[in-house]
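Letter by letter, the chains look like this.
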Amino acid sequence: MLRKQNRELLASWQASQKEKVINLSVQNSLPIQNTSTQVEVALEQASIKLSPKLNKEIRQHSPEAVLKAIDAFKQYRTEHTIQKPDACLLRAIQEQWEPNIAQEPTTSEDREFDEWYAEAIRQGFVLDFPKNYLGKVMGAIEVKVKDSNASSGYINMRWREAKAKMEKYGEVSSLS
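Report follows, based on the coordinates. (Residues numbered from 1 in each chain as written. Predicted model: local features only at pLDDT ≥ 70, side-chain atom pairs only at ≥ 80, totals over all residues. Heavy atoms only, no water.)

1. Focus: the pairing of strand 2 (residues 140–146)
Sheet analysis places strand 1 (residues 136–137) next to strand 2, joined by two bridges and oriented antiparallel. Within the sheet, the bridge partner assigned to lysine 136 lies in strand 2 and is isoleucine 141. Hairpin connection of strand 1 to strand 2: two residues between the antiparallel strands, including methionine 138 at a positive phi of 50°. As judged from the five bridges shared by strand 2 and strand 3 (residues 154–158), these two strands associate in the antiparallel manner. Opposite lysine 146, over in strand 3, you have tyrosine 154 as the bridge partner. (Pairing = 2+ DSSP bridges. Helix = DSSP H or I, 4+ residues; strand = E, 2+ residues; numbered from the N terminus.)

2. Structural notes on the packing of helix 3 (residues 37–45) against helix 5 (residues 63–79)
The geometry of helix 3 relative to helix 5 is characterised by a closest axis approach of 10 Å and an angle of 15° between their N-to-C directions. Looking at the two axes, helix 3 sits roughly parallel to helix 5. Between helix 3 and helix 5 lies a crossing of left-handed hand. Every residue of helix 5 that contacts helix 3 at Gln38, Val39, Ala42, Leu43 and Gln45 is listed here: Pro63, Val66, Leu67, Ile70 and Lys74. When its residues are assigned to classes, the contact of helix 3 with helix 5 shows seven nonpolar, two polar and one charged. (Axes fitted to C-alpha atoms, helices over the stretch in contact; angles between N-to-C directions. Parallel < 35°, antiparallel > 145°, perpendicular 65-115°, else oblique. Left-handed = near helix turned anticlockwise from the far one by under 90°. Contact = heavy atoms within 4.5 Å. Nonpolar A, V, L, I, M, F, W, Y, C, P; charged D, E, K, R; others polar.)

3. Thoughts on the environment of leucine 50
In this fold, leucine 50 is placed in the loop between helix 3 and helix 4 (52–59). The exposure class of leucine 50 is buried, given its relative accessible area of 6%. With 40 residues separating them along the chain, leucine 50 and leucine 90 place their C-alpha atoms 9.8 Å apart. (Buried < 20%, exposed > 50% of the residue type's maximum accessible area, 1.4 Å probe, protein only.)

Written out as structure tokens, the structure is:
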């Protein structure tokens, strides 16, 4: 009788243990818990298979941080051979990688401004401020034109107006 009870208990325990076992290949296809659909899509597009460690790490970070890490991982992958993409992405998330920001190519107007501004500074027509410290009015860069009549010694003026004024007074022989 005791053996029979022991076998029944063992059989029920084994049955309960089978229900807890999850096939890892099935786990890789499960959706990530507590994350956005964007992350799932980004992982799929990057051809990343989820390992348990990666899944856990993703859940510990915000979707924005994970998406940045995925973008940085993609950039890294374009220049490096990666043997274990999931491990590389795990590191990217842990180290909070961010993608490099491509510099916008300068437009012809930017080049024109840069050429004129350098010459205007050289001639003493405008105050020498780094371009990133100059203000903008309705999208136009505003420069500080020297003016002895102004209490501050300069007046703010849109750069195209300043260029026209500079050319009008003959301070520039030939600027494009």
